[in-house]
Every structure is written in structure tokens, then in C-alpha cells.
Amino acid sequence: MGAKILVLDAGTTSTRAMIFDHEGRMERVSQADLTQHYPRPGWVEHDAAEIWSKTLQCMRDVAGDDAGDIAAIGITNQRETVVAWDRNSGEPLARAIVWQDRRTADFCRQLHEEGHEDIVHERTGLLLDPYFSGTKMRWMLHHEEAVGAAAQSGTLAFGTVESWLVFKLSGGHHISDASNASRTLLLPLDGAQFDAGLCDLFGIARHALPEVVDTQGKLATCEADWLGTAIPICGLVGDQQSATIGQGCLAFGQTKATYGTGAFVLTNKGRDVPHSNHRLLGTVLSQTDGNRTYALEGSCFVAGSLIQYLRDQLGLIKSAAETEELARSIGDSGEVVIVPALAGLGAPHWKPDARGVISGLSFASGRAQIARAALEAMAHQTCDLASAFTGDDAPWTSLRIDGGMSANDWMAQDLADILDLEVERPEFVETTALGAAICASVGAGLYATLEEAAEAMRGATQIFIPNISAETREARLTRYFKALSVA
Ligand code: ADP
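Here is a short report on the structure shown in this document. Note that the coordinates shown come from a computational prediction; the quantities given were computed from them, not determined experimentally.

1. Points about the sheet that holds strand E1 (residues 4-10)
Inference 1: Here 6 strands make up an open sheet; going across it, the order is E3-E2-E1-E5-E12-E11 and the pairing mixed. At either end of the open sheet lies a strand with only one pairing partner, and these are strand E3 (26-33) and strand E11 (216-222). When the angles between neighbouring strand axes are averaged without regard to direction, this sheet yields 25°.
Inference 2: Pairing analysis gives 4 bridges linking E11 to strand E12 (residues 231-238), with the strands arranged antiparallel. Each residue of the ladder has a partner; that of Cys 222, found in E12, is Ile 231.
Inference 3: Its contacts with the sheet place helix H10 (residues 239-246) against strand E5 (70-77) and E12, and it is angled at close to 100° to E12.

2. Topic: empty space enclosed by the protein
Inference 1: Inspection of every chain in the model, using the stated rule, returns 4 cavities of 30 Å³ or more.
Inference 2: Considering only enclosed or pocket space, the largest cavity measures out at about 100 Å³ in volume.
Inference 3: Around the largest cavity, the lining is made up of 16 residues, and of these Cys 300, Leu 345, Gly 346, Ala 347 and Gln 381 lie nearest the centre.
Inference 4: For the lining of the largest cavity, the elements supplying multiple residues, two or more each, are strand E16 (291-300), helix H13 (367-391) and helix H17 (470-484).
Inference 5: Taken together, the residues of the lining of the largest cavity break down into 10 nonpolar, 5 polar and 1 charged.
Inference 6: Estimated volume of the second largest cavity: approximately 50 Å³.
Inference 7: Considered class by class, the residues forming the lining of the second largest cavity number 3 nonpolar, 4 polar and 1 charged.

3. Digging into the sheet that holds strand E13 (residues 255-259)
Inference 1: One open sheet holds the 7 strands; their spatial order is E15-E16-E14-E13-E19-E20-E21, and the pairing between them is mixed. Of all strands in the sheet, those bounded by a partner on one side alone are strand E15 (281-288) and strand E21 (461-464). Shown here is a sheet whose adjacent strand axes are inclined to one another by a mean of 25°, direction ignored.
Inference 2: The sheet contact formed by strand E20 (residues 423-426) and E21 spans 4 bridges and is antiparallel. The residue of E21 that forms the bridge with Val 423 is Phe 464.
Inference 3: Docked against the sheet, H10 engages E13, strand E14 (263-270), E15 and strand E19 (399-402), running at close to 65° with respect to E15.
Inference 4: Of the strands in this sheet, E13, E14, E16 and E19 are in contact with H13, which crosses E16 at around 135°.

4. Quick notes on the nonpolar core
Inference 1: Of all hydrophobic cores here, the largest spans 88 residues; its most connected members are Phe 158, Tyr 259, Trp 396 and Leu 399.
Inference 2: Sort the elements by how many residues they give to this core and H13 lands first, with 14 residues.
Inference 3: The next biggest cluster of nonpolar side chains, apart from the first, holds 38 residues, and it includes Leu 6, Leu 34, Val 161 and Leu 169.

5. Some details on the pattern of salt bridges
Inference 1: Taken as a whole and judged by the stated rule, the model has 30 salt bridges.
Inference 2: In this structure, Glu 27 and Lys 4 form a salt bridge, with 2.9 Å as the shortest nitrogen-oxygen distance. With Glu 27 in strand E3 and Lys 4 in strand E1, this pair connects stretches of sequence that are 23 residues apart.
Inference 3: Given the relative accessible area of 37%, Glu 27 is considered partly exposed.
Inference 4: A salt bridge links Arg 103 to Asp 101; its shortest N-O distance comes to 2.8 Å.
Inference 5: Assessed through its relative accessible area of 13%, Arg 103 is described here as buried.
Inference 6: Connected through salt bridges with shared partners, the residues Arg 79, Glu 80, Arg 183, Asp 239 and Glu 297 form a single ionic network.

6. A word on the layout of surface pockets
Inference 1: Computed from the structure, the second largest pocket encloses a volume of approximately 340 Å³.
Inference 2: What lines the second largest pocket is a set of 22 residues, and nearest its centre among them are Gln 216, Arg 271, Ser 286, Thr 288 and Leu 450.
Inference 3: Listed by contribution, the elements that provide at least two residues to the lining of the second largest pocket are E11, E14, E15, E16, helix H15 (431-443) and helix H16 (450-457).
Inference 4: Counted by class, the lining of the second largest pocket contains 8 nonpolar, 10 polar and 4 charged residues.

Rules used throughout
- Residues numbered from 1 in each chain as written.
- Predicted model: local features only at pLDDT ≥ 70, side-chain atom pairs only at ≥ 80, totals over all residues.
- Heavy atoms only, no water.
- Pairing = 2+ DSSP bridges.
- Helix = DSSP H or I, 4+ residues; strand = E, 2+ residues; numbered from the N terminus.
- Axes fitted to C-alpha atoms, helices over the stretch in contact; angles between N-to-C directions.
- Contact = heavy atoms within 4.5 Å.
- 1 Å grid on protein atoms, 1.4 Å probe; cavity = no way out; pocket = protein on both sides within 12 Å on 5 of 7 lines; lining within 4 Å.
- Points joined across faces, edges and corners; volume = space filled by probe spheres on them.
- Nonpolar A, V, L, I, M, F, W, Y, C, P; charged D, E, K, R; others polar.
- Core = buried A, V, L, I, M, F, W, Y, C linked by side-chain atoms within 4.5 Å.
- Buried < 20%, exposed > 50% of the residue type's maximum accessible area, 1.4 Å probe, protein only.
- Salt bridge = Lys/Arg side-chain N within 4 Å of Asp/Glu carboxyl O.

Structure, rendered in C-alpha cells:
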């Protein structure tokens, strides 16, 4: 048996396959873009057959003739997206409904009005929002004829994207790992399997759902048909949980923030089942031998997309990276403040109707002030989240950052300054894929624990130390919260 790990990273805009060695070095990568289908405003769909065929092609590209060197496969994936397929034919029954899709907003509102939110939040850690999988499954059952018919005949299989890929790779094993299952609204945070009462509330037959399994272990086997040799599937983990593991946030209180299109923050809560009083989400981080580690999660919808907006809509900058030079060219933003609520406000406010604000404009406010205010907004909204985490007894001990926007050194330093915390950034930024490699290494027995694997596989990091006065920090935050109150 070899000691390489094959990681499949089935994301939203692309799917990728990567080969890692047991010290966490990425040796090869192959990537294919996925077609995005937007049949109506607010609807987002994927073709599950395309996800499978492109993922298979990528894994064949990177494995080449060396599949014998691969000890295990780890899969990480876009979470919440729902696939419906026929167990007998193994073919999709409808387009997959993607996590961004808002078509079930009315049903969520109805459940909310009927008073179900508190109990759902208490049991699953989630909120009644179209983002999560449960209402998407219900929609398919009611509106996709083939899905309804398969439910009647007992051949329907529902699953998130890792579940779909495992079914195809293993020749019909129907499983979902606890980190992905905890995003469906159907899994109690402290329950081993999907819950009958929750399934009834959302109108989903339990027999259509996968068995919930660990995030690492001998979970299934990729049949020899695909790479010429059978390979165990030893890691399955949703993308944000995977990034948390890839960042080595394995002790209570350790926190990572991913700054991509949006910002996703997860804090390790150890063995405590999380209960938020500040509208954060509770989620499963990992599961070994049925024992779970949990995380609290908070997401901001707009992060890097604000920079794209300055570039593409306002034409203020030519490239995202230019914001760094502009921010450094001035001593402060001249009191310009941006609240990046262009797509509503996520955690901890959850105000879908909120809109963006630029305040404090004067005749002295130019491109540099606005670009700097846009970067400053990342620290401000992260600080707002930090207060919610502290309120929920999960204060951050440091912040580990990743995602495309984290390449901006000025922003990384500003985060440290405003949060008054050390900010750590890995040199190898593919933390999502690394997390799946870590899980699969442990599952394959190459390392005894996630901690041991993370220690061996995480590379060097750079640390940003807070370096501003308390008065400057206070003044910045006061201006931000004033602007936030009118968003
Ligand atoms: P996603 O995975 O969500 O597609 P990425 O992690 O690839 O996103 O990050 C891309 C986002 O980061 C873009 O929105 C882009 O505007 C922003 N970004 C990339 N580089 C920089 C930079 N140097 N400074 C500021 N923003 C950046």
C-alpha cells in the first residue's frame, strides 16, 4: 500500500482532484469547471451527472498509472446541495438544487410562522432558511415527478454531494458523513442518525436518506473499475469543516475564517453540543467512532464579492490585489465606512432585506479611501461576529485565515489590529483540500489522531500581531456600528 492521499474537492464552481503526500505536500492537481444553471431568479442548479463525470475525469488525471501508491481517498464538498437519484439505475432523477438556491423561502417562512424555529434551532443547530438541505428535498418530492415516483416505488436516494460521489465510486453504498448530515435540518446535533420527527416536519421519508457515518475511518471502497485498483474511502467532510481541520483548529476555542466570496467563521466547541443565543449555527466538525466534535459557525454573505463590486460595477480598481496598495497609500479612510450588506446581512443579524451603506463621504473621499474602507469592512464584520461568539461562550483565542482574500497582507494586519488577536495565515492556502487529506490519513491509519496528522501535514504559517491603539480601534468600531444601524 502506498502512502499518498487522493483528495476530491467537489466545490460549487469547480471540482478538483489532488494527490497529497503524507506530509501534506500537494503533488498534483486537476480541475474542471461545473456548469451553473439559473432557471429562474433565485434558483441555482447543478447537473449531478456532470459532477460525477468531471470528478472521475479529474481523479483519473491525477492518479495516472500510480493508483497503487494511493492509500486512501478523502472527499470534501460544497455543503447543503441536494442530489436525488434512483438506487437501482444510479442515475440522477432531477437537477441538484444548490446551496445558494432560495426557492424554498416561502415554506421556511411558513414553518417559522407556525412557530417551529426554536425547536429546530435547538435540535439541529440550524435556522429555518432555504440554505439548508431539508426544504430542498421536500421541494423535489413535490415538484419533480421522477423524484415523487421513485419515492413511491422505494427506489429514491437523497444525498449531499459527498454522498452522491461515494454511491457512484463504491457501487451503491448510501452514506453521508456527520459533518454534511448536520447541514440538512434532519440530523439532531446529539443524534446518531436522521430523526423521524424532523423528517416528518419536512415531509421526507427516512428510507430515502443515507446512513450517517464518521468523517474518518474505513467508510467505503472505491471500486477497481474507476482507477484500476480498489482504494478505501477514508475521509468525508463538508468544505468549511474541512478547512477548519486543515487549519489545525482542533482544540476548544480555535477559530478559522475563510475569506472568499463570503466569509465563513468556525470555532471549535470540543465535545459540547453548541447552543447559540446569538443566532450562530451549531454544526458537527468531525466524528470518530461515533464521537463528535462540534463547531459554532457564523457566515457573512459578502467578503471578496465587495472587492469584485468595486472592480466590476463601480470600476474603481482594476484588480482585487490593487486594494492593498490603495489602502497603504493613505493613513486612514478619512471616516469613510462601508457596511457590506449588498446581499442582506448574515450572522448574527440574519436580515435578508438589509442593504449596503457607504457613509462618511466628503470631497476628500477618493478611490483610496473607498478601497481602504472596503478592506476595513472585513475586520469590522468579523469583529461583530467575534462578539456573538464570545456571547455564546466561544471566545476566540486566535484567528487562522485562508481563502483568496487572505492573500491581502494589509487586510490580514487590519484583522489582527481590530480584533486585538493574533492572526495566522498558512503559506499553503488550500486548507479545504488539506483537511480532507488529514481526515483520510487518519481514517487510513497513517496517523493515530487528527491532531497528530495536522501537526505533521500543516506547513509553515505567517503571524500578524495587533499593533494599533485601543482609541483608534474604538473609534473605528463606533463608526462601523453607527453605519450598521441604518443598513
Ligand atoms: P471562492 O472560493 O468563494 O470562489 P476565493 O477564495 O477564490 O473565493 O477568493 C476570491 C475572492 O477574493 C474574490 O471575491 C476576490 O475579489 C477576492 N480577492 C482575491 N485576492 C484579493 C486581494 N489581494 N485583496 C482583496 N481581495 C482579494
